[in-house]
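An overview of the molecular structure
Below are the chains, spelled out letter by letter.
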Amino acid sequence: MGEFVVRGGRRLDGTLRVHGAKNAALPIMAASVLASGPVTLEGVPRLRDVDVMTEVLTALGATVRWVSHSSLVIDPSGINEYVIPQELMMKMRASIFVIGPLLARMGHAVALQPGGCSIGDRPIDIHIYGFEQLGAQVSETEIGTRLDAPELQAGLVHLSYPSVGATENLMMAAARTPGETRIRNAAMEPEIVDLAQFLEKMGATVRGAGTSDIRIVGQRELSGVTHTIIPDRIEAATFMLAAAATGGHVVLENCIAEHLPGLMGRLRDVGCRVEERDGDVVELTTPEKYKTTPISLHTGPYPGFATDMQAQFMAFLLKVPGVHIISERVFENRLGHARELRRMGAQIVADQRVALIYGGRPLHAADVRALDLRAGAALVIAGLMTEGETVIADREIIERGYQDLDRRLTQLGADIIQR
Ligand code: EPZ
């Protein structure tokens, strides 16, 4: 596995255009399985996870090809398989997003139970429960969980937790099921709204996306369409926090501020100036010096503070004097980056769910490791704000969710290379 080498202590300053969102592109790529003709997706980020989803769709019989640097054409007409290859499920849990579309298109789907990962067990019980409410039979086989639904039935599903993936999987299955399906306690993330817009273009009717009560009226035939992926709010947050952590200044284009509730306010609380312009430009200017401002936050389902920017925010808080508290309430084990940050001298006390961060104290360069893609991004931020050479191992894990990270940070004045 490769590394990022960061020589920190430099202020980031400049303008970047945010890429399309990984967590919108992956479910929407999966939703192309529902279409009767080719789907063109624009603004698709060039990421390892997008490559894996491409492998999944190809293994099922679809054709996928890049027609420009950020546009994909997916033709699902050749799909003749409903077993998701085990090695791809192991590579990327989001492969699970094709179960709903396969059930609706083929009447069957077989997926290995995705293994847990560094941030938690990642069960799929809520997905399975939802498919059963729509008439699917579930059985365990030696190669994984098999779902059979020769005729999916529209119905009511009340989710025990507003799972993003379960909401998306069920929306996709319902989009190709005649009748009205209602999802209560649904996830409300912007990526859900983007998927809903895609399904509506294909011919389904979706009401309530972005709220906890979504109604989908499905159609047997859904057409191939063209769709542009929404901006990646987590990539935007990562660059904003990198600039804030280095005392810098950044202008982010293709950045929708309202998709980042909880971040702008807190950056302003510690003295940053955050200006939102034209609906999709955000400019961040940092103060000469951060004043002592104890910050306390907990992560939660949207519009709560996004768990996917928790690690990056923790790294930033090391710059802000005060005792800060972060409570991770979405995943059961997503504070592992605290241990890696301590290797850089960070004073953080953490268990699996809560971290106490003593900010405003000196850090030193060190050799560290990316545990998951967001933890890895946090270590890059910590390296950028610290004099000396920090080496972050397992670069490929970070590249699952960040396109050209070193090149784009270099554009902002960072000294970062990959090896
Ligand atoms: C999506 O994962 C994102 N991934 C994650 O981003 C993100 O952290 C997460 O939503 C929460 O916002 C993609 O969109 C590809 P969940 P997902 O189902 O769908 C539990 C990143 O960094 N749960 O909302 O898997 C689960 O264990 C990635 O880009 C069940 O118990 O998230 C977790 O504790 C990481 N049973 C919580 O719910 C289930 O059947 C939230 O999971 C499903 C989930």
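For clarity, every value in this text was computed on a predicted model and none was experimentally measured. (Residues numbered from 1 in each chain as written. Predicted model: local features only at pLDDT ≥ 70, side-chain atom pairs only at ≥ 80, totals over all residues. Heavy atoms only, no water.)

Moving on: the environment of Arg 361. When you line up the elements, Arg 361 lands in the loop between strand E20 (354-359) and strand E21 (367-369). Accessibility expressed as a relative area gives 40% for Arg 361, which makes it partly exposed. Along the sequence, Arg 361 and Lys 319 sit 42 residues apart, while their C-alpha atoms lie 7.3 Å from each other. Not counting residues up to four positions away in its chain, the partners in contact with Arg 361 are Leu 318 and Gln 347. A polar side-chain atom of Arg 361 sits 2.6 Å from a polar atom in the side chain of Gln 347. (Helix = DSSP H or I, 4+ residues; strand = E, 2+ residues; numbered from the N terminus. Buried < 20%, exposed > 50% of the residue type's maximum accessible area, 1.4 Å probe, protein only. Contact = heavy atoms within 4.5 Å. Polar contact = N/O pair within 3.5 Å; in protein donor to acceptor, adjacent residues only side chain to side chain.)

Let's shift gears to the pattern of salt bridges. One pass over the structure, following the stated rule, counts 25 salt bridges. A salt bridge links Asp 148 to Arg 146, with the shortest nitrogen-to-oxygen separation between them at 2.8 Å. Judged by relative accessible area, Arg 146 falls into the partly exposed class, the value being 23%. Ionic pairing is found between Arg 268 and Glu 276, a salt bridge with its closest N-O pair at 3.2 Å. Judged by relative accessible area, which is 37%, Arg 268 ranks as partly exposed. Among the residues examined, Glu 276 registers a relative accessible area of 46% and is labelled partly exposed. (Salt bridge = Lys/Arg side-chain N within 4 Å of Asp/Glu carboxyl O.)

Let us now look at the domain arrangement of the protein. According to the domain assignment, the protein contains domain 1 (3-19 + 231-418) and domain 2 (22-228). Summarising the inter-unit geometry, the C-alpha centres of domain 1 and domain 2 are found 30 Å apart. The interface is formed by 23 residues belonging to domain 1 together with 21 residues belonging to domain 2. Summed over both partners, the interface of domain 1 with domain 2 buries about 1,900 Å², with 49% contributed by carbon and sulfur atoms. Ranking the residues of domain 1 by area buried against domain 2 places Tyr 302, Arg 400 and Gln 403 at the top, with a combined share of 33%. Linking domain 1 with domain 2 are three salt bridges, by the criterion used here. Remark: the boundary between domain 1 and domain 2 carries 12 residue pairs in polar contact (both at pLDDT 80 or more). For the side of domain 1 that touches domain 2, the residue count by class is eight nonpolar, five polar and 10 charged. (Domains from an automatic or database assignment. Buried area = accessible area lost by both parts, 1.4 Å probe. Nonpolar A, V, L, I, M, F, W, Y, C, P; charged D, E, K, R; others polar.)

On to the sheet that holds strand E6 (residues 108-111), then. The strands that make up a sheet pair up through hydrogen bonds in the backbone, lying either parallel or antiparallel. The strand order E6-E8-E7 describes an open sheet built from three strands, whose pairing is antiparallel. On the outer flanks of this sheet lie E6 and strand E7 (137-141), each paired with one strand and no other. Averaged over all pairs of adjacent strands, the angle between their axes in this sheet comes to 20°, without regard to strand direction. (Pairing = 2+ DSSP bridges. Axes fitted to C-alpha atoms, helices over the stretch in contact; angles between N-to-C directions.)

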